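Chain and residue survey
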Amino acid sequence: MTLEELPGDLRTAGRMEQAGDALEEVLSKALSQRSLTLGVYEAAKLLNVDPDNVVLCLLAADEEEEGDAALQIHFTLIQAFCCENDINILRVSNPGRLAQLLLPATGPEPPADLHCVLVTNPHASQWKDPALSQLMCFCRESRYMDQWVPVINLPER
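Residues numbered from 1 in each chain as written. Predicted model: local features only at pLDDT ≥ 70, side-chain atom pairs only at ≥ 80, totals over all residues. Heavy atoms only, no water.

Side note on the overall build of the protein chain
Looking only at helices and strands, one finds five helices and five strands in the protein chain. Its helices and strands in sequence order give the protein chain the pattern α-β-α-β-α-β-α-β-α-β, from N to C terminus. Here the protein chain, with 157 residues, has 41% of them falling under the buried criterion. Pairs at least 24 residues apart make up 83% of the contacts formed inside the protein chain by residues separated by at least 6 positions. Carbon and sulfur atoms provide 53% of the accessible area of the protein chain, an area that totals close to 9200 Å². (Helix = DSSP H or I, 4+ residues; strand = E, 2+ residues; numbered from the N terminus. Buried < 20%, exposed > 50% of the residue type's maximum accessible area, 1.4 Å probe, protein only. Contact = heavy atoms within 4.5 Å. Areas by Shrake-Rupley, 256 points an atom, 1.4 Å probe, with all protein chains shown as cover.)

So this is what it looks like as structure tokens:
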């Protein structure tokens, strides 16, 4: 059986799984390069000052927060800004796993706001990262299928 012969749902699930793995890799590299911006307010400030340097926007909320009107308004405004500035957007369905990746051992201090995470391009060099390219391709293919903000699930480890 070839990839083209797989039923649509299985192919989509495979694409999402690959995209989840790629996102994990991108976040790991961005964390080590200190090219992440965490939080809705901090993201809005960066988008206002330097949108050309942002390569990816992640929006994360759990089921409880889906009903938070203020958060959804923030998400809508950030999505609109990202679309206007050709910034790829992904919605992360499991913010707990995102917290594990980005805040490995925070200790007793309060957790950071991870509702919005921006990945920026390091100033020193352009990213030639296969994982980032794979995510950009996933976002583009999703837009072709009229899914402007694809939902992605980070794999549990």
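Describing the side chain of Asn94
Inspection of the secondary structure puts Asn94 in the loop between strand 3 (88-92) and helix 4 (95-102). Side-chain polar atoms of Asn94 contact the side chain of Asn153, separated by 3.0 Å. Beyond its immediate sequence surroundings of up to four residues, Asn94 is in contact with Ile152, Asn153, Leu154 and Glu156. (Polar contact = N/O pair within 3.5 Å; in protein donor to acceptor, adjacent residues only side chain to side chain.)

Considering the pairing of strand 4 (residues 116-120)
Most of strand 4 sits out of view: five of its five residues are buried. Neither face of strand 4 is open: one carries Cys116, Leu118 and Thr120, the other Val117 and Val119, and all of them are buried. In terms of strand pairing, strand 1 (residues 36-38) meets strand 4 through three bridges, oriented antiparallel. Within strand 4, the residue paired with Thr37 across the bridge is Leu118. (Pairing = 2+ DSSP bridges.)

Focus: the pattern of salt bridges
Where charged atoms of side chains with opposite charge meet at close range, the side chains can pair. Scanning the model with the defined rule gives five salt bridges in all. With a shortest N-O distance of 2.9 Å, Lys29 and Asp129 are connected by a salt bridge. With Lys29 in helix 1 (residues 8-32) and Asp129 in the loop between strand 4 and helix 5 (130-144), the pair connects residues that are 100 residues apart, well separated along the chain. Among the residues examined, Lys29 registers a relative accessible area of 31% and is labelled partly exposed. Linking Glu42 and Lys45 is a salt bridge whose minimum nitrogen-to-oxygen distance equals 3.3 Å. Linking Glu42 with Lys45, this pair stays in helix 2 (residues 40-49), spanning three residues, or about one helical turn. Taking relative accessible area as the criterion, Glu42 reaches 37% and is therefore assigned partly exposed. Linked through salt bridges whose partners overlap, the residues forming this network are Glu25, Lys29 and Asp129. (Salt bridge = Lys/Arg side-chain N within 4 Å of Asp/Glu carboxyl O.)

Looking at the sheet that holds strand 5 (residues 151-152)
For sheets, the rule is that strands pair by backbone hydrogen bonds, running either parallel or antiparallel. With mixed pairing, the five strands of this open sheet are ordered in space as 1-4-2-3-5. Each edge of the open sheet is held by one strand with a lone partner, namely strand 1 and strand 5. In this structure, strand 2 (residues 54-60) lies alongside strand 3, joined through five bridges in parallel fashion. Across the sheet, residue Leu56 finds its bridge partner in strand 3, namely Asn88. Strands in contact with helix 2 are strand 1, strand 2 and strand 4; relative to strand 4, the strand with the most contacts, it is inclined by about 40°. Contacts from helix 5 reach strand 2, strand 3 and strand 5 within the one sheet, and its direction differs from that of strand 3 by about 90°. (Axes fitted to C-alpha atoms, helices over the stretch in contact; angles between N-to-C directions.)

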